Each structure stands twice: as structure tokens, then as C-alpha cells.
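Report on the structure
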Amino acid sequence: MPRRLSRNSSLFSRTSRRRFLQGSVAALAGVGLSNCRRTIGETTETPPSADTTDSAPASGTLHIYTWADYTDDELAAQFTEATGIEVKIDVYDSNETMLAKMQAGGGANYSLLYPSDYMVTEMIGLGMLTELDKSRLVGLDKMREKWKSPVYDEDNTHSIPYSWGTTGLLYNSEVLTTAPTDWDYLWDNSDVLSRKMTMLDDVRETMGAVLSSLGYSYNATDPAQLEEAYQKLLELKPSLASFKSFGWQDELLSGDLLLSMVYSVEGIPVSLENPNFKYVIPESGSSVWTDTIVIPTSAPNVEAAYEWINFNLQPQVSKDTVERLFFATPNGEAMTMLSQELLDNKNLFPPEDILAKCEGIAPVGEANALYDEYWTKVTSA
Ligand SMILES: NCCCCNCCCN
């Protein structure tokens, strides 16, 4: 069930909101909002608006279906201020949830989605994504080199890279005095961690991590390797508190959990707010993901969708979003605007030697069925 964008009143959210408020003041000061429609940010370039095409001007309400915690109120408010377009956001907790909803026809009002890398390829194959009209986009040239033609969507024909990050372990260093360095820590310390650890509720990430712990690729398709990973995960299952991608923060802060497998974008804010919680990228390797913005073929109000993409492509907007939400940006120009403190944050921007050990998640074709079968078995066991 998609949730409307709003942070709940949890312990984490209360502290986070303070940071978001500070961030929003800086963001508003930096962007220099204008009341004029389509005077977007500080850019000297004028994004080709719908007014310059045959389409009707962008207006009305833009419905976006995105990851939980990805688009905050500030971003939506700035966009509405700049364009006059209202934004309504529903959130999902995994690529698979989003795909299932779209395939079931439940996403007909969404103009924009935020699939990750492998899901972009999969959705292109399924004919679900609109080929982007590059003449209506401004700022794609600002992408860092490796996102100009990513493997999951060569030349960004159907997707705009929005954010990237890693997946790792966030742990309570006051209690776990021996720091985890690799995935095997979970099995080796399953007695201490019993019912006090969570793994992501994300088939490809969690199966990938277990495959990696066995020395295999995150993207393994060999049935024997998948069976081995399934057995290893099954062995750990009784020690897991749950599979959970979002909403673990309160349990971790209160001590009910000692360790969680998390996306960096969720783990870094906790570690910055409370240095007792540390984020670690497992030594043997992890996932390095890119989340994107796409327009589904079923999208209404495509004009407004292009406005949103162009708004987010602006380096200033991208930089401000990084400062509030803590994901790494593929926007090279935005990087030049970030503080040295953020650039030096090795969890946010890991050094190349660490990234070299990480893998992007890729489509696995027919092996998808095996992943799903094992995932259903392990999560329902
Ligand atoms: N708050 C949004 C977190 C999304 C992280 N990206 C997920 C990548 C999955 N492979």
C-alpha cells in the first residue's frame, strides 16, 4: 500500500526534521526561488518548456511514485513555487513492489517513477518506459562520465540518473565492540545478534549479499549458486528480527536492534546524527546502485514530468537535495558545489578501491523466477 509523503513522529524523524528544516533554509536561500513559472532555480539555461513544443503547457498536478524518503517536502514545495505545478507523492519500498503495482494497472496516474538500474533495463524490455525526448531536457551533459551512458540504459535513452549509493551494515558500536567488516559477521555472530538484526526486504540486495558472502556475483544465475545462497540465508533466518528496508531506525536507536543491512542513503543520516552508529561497506563487496527518474508509457501529464526532470537536473537543486537527504549525486557540477566535508565523507562518496569491489545489480533474465521462488520460501519460512 503506497504511503503519502510524510515523516512520522518517530524518534529518528524528530531529530531528522530539525536537520531537514536547517537544510531547507539553506536550500531556499541557495535556489533563489521565483514566483514566475518556469524560472527554475539559478540556471542561466532555460529548460525547453512545454510552451516551446507542440504539447500543452505543463500544469495541474504531478503524481510521482518513488522510493520512501526520497523526495522531501522542501523539494516538492520549491518545484511548485517555480512551476505552479502541484506534486503528489506515493512511496514504495522496493523495485518489485513498484513493478507489480504498475503491471497490475494500479499506477495509471503516475507521471514519474524512480526505478533502480536493473529495473530500468527490465522495464525497457517490458515496453513500460517512454523514450525520452532529449530536446526537452537541460543539464544531462552535467552528468559525471560514468552516468552518461550507464550499462543499464545506454545513452540514458529511457532514464535520468538521479542518485547513487551503496548497501552496507549499520551497527551500534557501543554494544558491538568488534566492528563488522564483512557479510560473514552476521553468521559468525548470530548468537549475539539473535533477533537483533535486520536485512533488507529486497530480493536482489539480500540474495546478492549472501551470494557475495559465498564468493559469487551479486548477479549470479547459476542454479547451484542460488540454491547455496538460499540455504545460507535460511540458516540465518531464525536469528533475524525481520526483513525490513525502511522504518528500522527507532529500533536501532532504542537498542532493540544492534545491526541493520541498509541502503547508504538511509544509514548515513543515522551515523551522522549519532556517531555511535557506524555504516560499513562489507570488504568482500556490496551493491553500488543508481536510482533513476523515468516516465512510464502510461503517464498522464508528460509535460509536467519533463518539468520535474529538468528541475532536478539543475546542479543547485541536486546539491541541495544531497545536503538534505544524503545520497550521492551523479551530477558532476553539483559535486563541485558540495562542501569539502561532504565530499570527504567516505560513506557518501566511497573511494574507488572500495567501489571497485562493489557490483551494480543487473537483470538476471530467466533466473528471476529462481530468485523469486527462494525469496518467497525464505521470507515465509
Ligand atoms: N530512500 C530511498 C532508498 C533507495 C535506495 N536505492 C535502492 C537500490 C536498490 N537496489
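Residues numbered from 1 in each chain as written. Predicted model: local features only at pLDDT ≥ 70, side-chain atom pairs only at ≥ 80, totals over all residues. Heavy atoms only, no water.

1. Details of the overall build of the chain
As a reminder of what qualifies: The secondary structure listing takes helices from DSSP runs of H or I that are at least 4 residues long and strands from runs of E that are at least 2 residues long, numbered from the N terminus. The Shrake-Rupley method, run with a 1.4 Å probe, gives the accessible areas here. Residue values count only the displayed protein chains as cover.
Helix and strand content of the chain: 15 helices and 10 strands. Accessible surface, the chain as shown: approximately 15,200 Å² in total, 51% of it carbon and sulfur.

2. Quick look at the site of the ligand
Which entries qualify depends on this criterion: For this purpose, a residue is taken to be near a molecule or strand whenever a single non-hydrogen atom of the residue falls within 4 Å of it. For this analysis, a polar contact is any N or O atom pair within 3.5 Å, provided that within protein one partner can donate a hydrogen and the other can accept it, and provided that sequence-adjacent residues contribute only side-chain to side-chain pairs. Residues are called lining when one of their atoms sits within 4 Å of a cavity or pocket point, these points coming from a 1 Å grid over the protein atoms alone, where a cavity is a set in which a 1.4 Å probe fits but cannot get out and a pocket is an open set with protein on both sides within 12 Å along at least five of seven lines. Pocket occupancy is defined atom-wise: a molecule lies in a cavity or pocket when more than half of its atoms are within 2 Å of its grid points. Just so you know the grouping, Ala, Val, Leu, Ile, Met, Phe, Trp, Tyr, Cys and Pro go in nonpolar, Asp, Glu, Lys and Arg go in charged, and all remaining residues, Gly too, go in polar.
What surrounds the ligand is a group of 13 residues, the closest being Trp 67, Ala 68, Glu 205, Glu 266 and Asp 291. Within the contact set of the ligand, a nitrogen atom lies 2.8 Å away from a backbone nitrogen or oxygen of Ala 68. In this structure, Glu 205 approaches the ligand through a side-chain N or O atom, which is 2.7 Å from a nitrogen atom. In isolation the ligand offers 340 Å² of accessible surface; the protein chains occlude 100% of this area. Here the ligand is seated within the largest cavity. Contributions of two or more residues to the shell around the ligand are made by α9 (264–273) and β10 (288–293). Taken together, the residues that form the shell around the ligand break down as seven nonpolar, one polar and five charged.

3. Section: the packing of helix α6 (residues 203–213) against helix α15 (residues 368–380)
Rules: For every element, the axis is a line fit to its C-alpha atoms; helices are fit only across the contacting stretch, and the angle between N-to-C directions ranges from 0 to 180 degrees. For classification purposes, an angle smaller than 35 degrees is called roughly parallel, one larger than 145 roughly antiparallel, one from 65 to 115 roughly perpendicular, and anything else oblique. We call two residues contacting when some pair of their heavy atoms lies within 4.5 Å.
In the contact formed by α6 and α15, the axes pass within 10 Å of each other and the chain directions differ by 90°. Comparing the axis directions of α6 and α15 gives the class roughly perpendicular. Along the contact surface, α6 presents Val 203, Arg 204, Thr 206, Met 207 and Leu 211, while α15 presents Tyr 371, Asp 372, Tyr 374 and Trp 375. Here the residues of the contact of α6 with α15 sort into six nonpolar, one polar and two charged.

4. Some points on the packing of helix α7 (residues 223–236) against α15
Condition: Each crossing gets its handedness from the near helix: less than a right angle anticlockwise from the far helix is left-handed, clockwise is right-handed.
Between α7 and α15, whose axes approach to 10 Å, the crossing angle comes to 15°. Relative to α15, the element α7 is oriented roughly parallel. In this structure, α7 meets α15 at a crossing whose hand is right-handed. Together, Pro 223, Leu 226, Glu 227, Tyr 230, Leu 233 and Leu 234 of α7 and Leu 370, Tyr 371, Tyr 374, Trp 375, Lys 377 and Val 378 of α15 make up the contact between the two elements. For the contact of α7 with α15, the class distribution of residues is 10 nonpolar, no polar and two charged.

5. Some words on the UniProt feature "binding site: spermidine" (unreviewed entry) in the chain
Heads up, the condition is: UniProt positions are given in the numbering used here, feature names are shortened, and annotations may be inferred rather than shown by experiment.
Within the UniProt annotation, "binding site: spermidine" (unreviewed entry) is assigned to Tyr 118, Asp 202, Val 203, Arg 204 and Glu 205. Spanning 88 residues, the named residues nonetheless gather at one spot, since no C-alpha pair among them exceeds 13.0 Å. The annotated residues contributing to the lining of the largest cavity are Tyr 118, Asp 202 and Glu 205. Positionally, Tyr 118 belongs in helix α4 (residues 117–125). Apart from the residues within four sequence positions on either side, Tyr 118 is in contact with Asn 95, Glu 96, Asp 202, Arg 204, Ile 361, Ala 362 and Pro 363.

6. Focus: unusual backbone geometry
Backbone geometry places Asp 155, a non-glycine residue, at a positive phi of 65°. On the secondary structure map, Asp 155 appears in the loop between α4 and β5 (160–172). Residues other than glycine seldom take positive phi values, yet Arg 195 does so here, at roughly 60°. Checked against the element boundaries, Arg 195 lands in the loop between α5 (185–188) and β6 (197–199).

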